Structures are given as C-alpha cells and as structure tokens.
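Chains, contacts and geometry: an overview
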Amino acid sequence: MAKATKEIDLVVGKENRMVQESDIDKLNYVKACAREAFRLHPLLPFNAPHVATQDTIVGGYFIPKGSSALLSRYGLGRNPKTWTNSLKFDPERHLKGDGDNDEVVLTEHDLRFVSFSTGRRGCIAAMLGTCMTTMLLARLLQCFAWSPTGNAKFVDLTEADDQLSLATPLKAFPVTRLTPDLYPVI
Ligand code: HEM
C-alpha cells in the first residue's frame, strides 16, 4: 500500500489535483496491486459456464463438442504450477522490471487467472472496468491514509474458511491526506 501511494504521489502529487483517468497509464504499481487482488481474490469461484460448439484443445486438454466448460477462478489464480508463492500477495510479480516501459494491464488473455476472461464471451467492458478499478483504488490511496480502527493493532484481512470473502467485515479508519479544498463537497 505504501509503495502504491508513493507511486501516486510521484505521478500525480498531493497538492493540486486528484488522480484522473489520464494518469492510469502511469500508475503501473497501482494496477499491479489490482491485478494481484483479482488473481488472489476473485469475486466468484467460477466463471459463467460455456458450451464448446466444436471439438477443441485448450491448454492440452481435449474438450469434445457439446461439453460444458467451467473455469475455477480460485483454482487458476492460486495454481502453484503457474504462480510462485501462489498464496502471497505480491504485486511485483506483474511488473516486468523494465521501469517506464513496464505497462501493466488488468486483462489476462492467457487465462492464468480470470479477470475479464477472454474470447467471444469475455467482458465487453474491460477498458471501463480497468478504469473504474484503478481510479477507485488510486483515489482511496491518494485521498486517505488508512489505519486499524479502535484498539486494533492491524486491519484484519483473514479469509473466511468456507467462502471467498473476509472472515469478518473490513474495518479501516481513513484520515485525509490532501488539502481540504481538493475534496468534493457533497
Ligand atoms: C472490474 C470490473 C469488471 C470485471 C472484473 C468484469 C469481468 C467479467 C467477466 C469475468 C465476464 C464473463 C466472461 C465469461 O463468461 O467468460 C464478464 C462478462 C460481461 N461483462 Fe464484465 N466485468 C467488469 C465490468 C463490467 C462493466 C462495467 C460492464 C458494463 C458496463 C460489463 C459488462 C459485461 C457484459 C455485458 C458481459 C457479458 C459478455 C457476454 O457474455 O458476451 N462488465 N465480465
């Protein structure tokens, strides 16, 4: 979180304005964090089922015409054969390491995990979804410093045993970090 906030401060600053859509291309670490969240914490365990309209081979598996194909989003994203230290939240794994040319995208057409899926039934709004996700995360980090609530020592991110959500509701305390006139008045 600190590294993502630092990137936002470098690209956008804290004095003059909030993150804008035009900043998204440069916020690669922020996008790497979002990508890592998509990988580890899919909203749903499976994608919508699809039926093969012809015999095909996917990832070395023969899929006969008429079969229903269901992808485990959880299983793909955490597959240790694909991801080193697969359970670790590590945004760096999505950076290619070539500095300014390191463009991170939230789409994943190789289906090493499912974000917007791919192909004919893939999400029609991957660009809009990327924009919404990145803007939301970037503004949450740019506008507020987050800390545990009450006497808690840390924000509890423990996962539930039997579903994909957190074990307990997320509780974090925001403190503004920009000059007051930059926040919209409601
Ligand atoms: C972070 C945001 C979003 C994510 C992660 C996401 C992800 C997905 C996924 C995984 C699918 C299913 C693909 C499949 O069945 O293989 C899908 C389908 C779809 N999404 Fe999104 N989506 C997002 C935002 C949006 C938005 C904002 C819209 C519309 C404005 C949208 C419209 C659709 C539509 C219409 C489909 C069905 C496409 C079809 O079956 O032909 N999505 N999305």
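Residue positions within a chain follow its written sequence, with the count starting from 1. Local features in this predicted model are restricted to residues of pLDDT 70 or higher, and side-chain atom pairs are both shown and tallied only at a pLDDT of 80 or more, whereas totals for entire chains, interfaces and linings draw on every residue. Water and hydrogen atoms play no part in the side-chain values, which are based on all heavy atoms of the structure.

- Here is the UniProt Cofactor (unreviewed entry) comment for the protein chain, exactly as written: "heme". UniProt positions are given in the numbering used here, feature names are shortened, and annotations may be inferred rather than shown by experiment.

Points about the packing of aromatic side chains
- Only centres within 6.5 Å qualify two rings of Phe, Tyr or Trp (six-membered ring in Trp) as a pair; their planes then separate them into stacked at under 30 degrees, edge-to-face at over 60, and tilted for everything else. Under the defined criterion, the tally for this structure stands at four aromatic pairs.
- With 6.0 Å between their ring centres and 85° between their planes, phenylalanine 38 and phenylalanine 116 make a pair best called edge-to-face. Remark: phenylalanine 116 occurs in the loop between helix 3 (73–77) and helix 4 (126–143) and phenylalanine 38 occurs in helix 2 (residues 28–40); sequence separation between them is 78 residues.
- Per-residue accessibility, obtained with a 1.4 Å probe over protein chains only, is compared with the maximum for each type, and a residue is labelled buried under 20%, exposed over 50%, and partly exposed between these values. Given the relative accessible area of 25%, phenylalanine 38 is considered partly exposed.
- Through successive ring pairs, a cluster of aromatic residues spans Phe144, Trp146 and Tyr183.
- Here, a charge over a ring is recorded when the distance from Lys NZ or Arg CZ to the ring centre is within 6 Å and its angle to the ring normal is within 35 degrees. The ring of tryptophan 83 carries the charged tip of arginine 39 above its face, separated from the ring centre by 5.1 Å. Labels follow the DSSP assignment, with helices taken as runs of H or I lasting at least four residues and strands as runs of E lasting at least two, numbered in each case from the N terminus.

A short note on the environment of arginine 78
- Counting through the fold element by element, arginine 78 comes out in the loop between helix 3 and helix 4.
- Overall, the relative accessible area of 12% leaves arginine 78 in the buried class.
- Sequence spacing of arginine 78 and histidine 41 is 37 residues, and the spatial spacing of their C-alpha atoms is 9.4 Å.
- Here, two residues are considered to be in contact whenever any of their heavy atoms come within 4.5 Å of each other. Excluding residues that lie within four positions of it along the chain, arginine 78 makes contacts with Arg39, Leu40, His41, Ser86, Leu87 and Glu159.

A look at the packing of helix 1 (residues 2–11) against helix 4
- Interaxial angles span 0 to 180 degrees and are taken between N-to-C directions of axes, which are lines fitted to C-alpha atoms, for helices over the stretch in contact. Contact pair helix 1 / helix 4: the axes reach a minimum separation of 9 Å and the direction vectors enclose 90°. Accordingly, the angle class assigned to the pair helix 1 and helix 4 is roughly perpendicular. Seen from helix 1, the contacting residues are Ala4, Thr5 and Ile8; seen from helix 4, they are Ala138, Leu141 and Gln142.
- By residue class, the composition of the contact of helix 1 with helix 4 is four nonpolar, two polar and no charged. We call two directions roughly parallel when the angle between them is under 35 degrees, roughly antiparallel when it is over 145, roughly perpendicular when it lies between 65 and 115, and oblique otherwise. Note on residue categories: nonpolar means Ala, Val, Leu, Ile, Met, Phe, Trp, Tyr, Cys or Pro, charged means Asp, Glu, Lys or Arg, and polar means any other residue, Gly included.

Observations regarding the pattern of salt bridges
- Each reported salt bridge corresponds to a side-chain nitrogen of Lys or Arg within 4 Å of a carboxyl oxygen of Asp or Glu. All told, the structure shown has eight salt bridges when counted by the stated rule.
- Put simply, arginine 17 and aspartate 23 hold a salt bridge, and the shortest N to O gap is 2.8 Å.
- When its relative accessible area of 2% is taken as the criterion, aspartate 23 is described as buried.
- Via salt bridges that share partners, Arg35, Glu108 and Arg112 belong to a single interconnected network.

As for the packing of helix 2 against helix 4
- Contact pair helix 2 / helix 4: the axes reach a minimum separation of 10 Å and the direction vectors enclose 110°. Judged by the inter-axis angle, helix 2 sits roughly perpendicular to helix 4. For the pair helix 2 and helix 4, the crossing hand works out as right-handed. Across the interface between the two elements, Val30, Lys31, Cys33, Ala34 and Phe38 from helix 2 touch Thr133, Thr134, Leu137 and Ala138 from helix 4.
- For the contact of helix 2 with helix 4, the residue count by class is six nonpolar, two polar and one charged. Put simply, a crossing is left-handed when the front helix is turned counterclockwise from the back one by less than a right angle, and right-handed when it is turned clockwise.

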